[in-house]
Amino acid sequence: MADLQARFGDRLECKVHRGDRGVFDVVVDGQKIFSKDALNRFPKRGEVGDLIAARLGDKRR
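From a predicted model like this one, the values you see are computed outputs, not experimental measurements. (Residues numbered from 1 in each chain as written. Predicted model: local features only at pLDDT ≥ 70, side-chain atom pairs only at ≥ 80, totals over all residues. Heavy atoms only, no water.)

Caption draft 1: Spotlight on the pairing of strand β2 (residues 31–35). Bridging between strand β1 (residues 25–28) and β2 involves four bridges; their strand directions are antiparallel. Counterpart to D25 in the pairing with β2 is S35. Counting the residues that bridge the hairpin from β1 to β2 gives two residues, and of these D29 lies at a positive phi of roughly 50°. (Pairing = 2+ DSSP bridges. Helix = DSSP H or I, 4+ residues; strand = E, 2+ residues; numbered from the N terminus.)

What follows is the structure, encoded as structure tokens:
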């Protein structure tokens, strides 16, 4: 999360919610942008940040 906060600063609030069964989902403004269950893998380095930037319309990706 530190890398996301460094990249987006105060434009992004990060929260971790305890899950079960190996769930790893990333949700931005109520929209799921990454799901380990759907893709059957964890995100690659930088992938979550790029998905968040795309969702936020960040042109500095």
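Caption draft 2: Here's a closer look at the nonpolar core. Formed by L4, F8, L12, C14, V26, V28, I33, F34, V48, I52 and A53, the largest nonpolar core amounts to eleven residues. The set of elements that each furnish at least two residues to this core consists of α1 (2–8), β1, β2 and α3 (47–56). The contacts of V48, once residues within four sequence positions are left out, are L4, V26 and P43. (Core = buried A, V, L, I, M, F, W, Y, C linked by side-chain atoms within 4.5 Å. Buried < 20%, exposed > 50% of the residue type's maximum accessible area, 1.4 Å probe, protein only. Contact = heavy atoms within 4.5 Å.)

Caption draft 3: Here's a closer look at the side chain of S35. By secondary structure assignment, the location of S35 is in strand β2. A distance of 3.1 Å separates a polar atom in the side chain of S35 from a polar atom in the side chain of D25. Excluding residues within four positions of it along the chain, S35 makes contact with F24 and D25. (Polar contact = N/O pair within 3.5 Å; in protein donor to acceptor, adjacent residues only side chain to side chain.)

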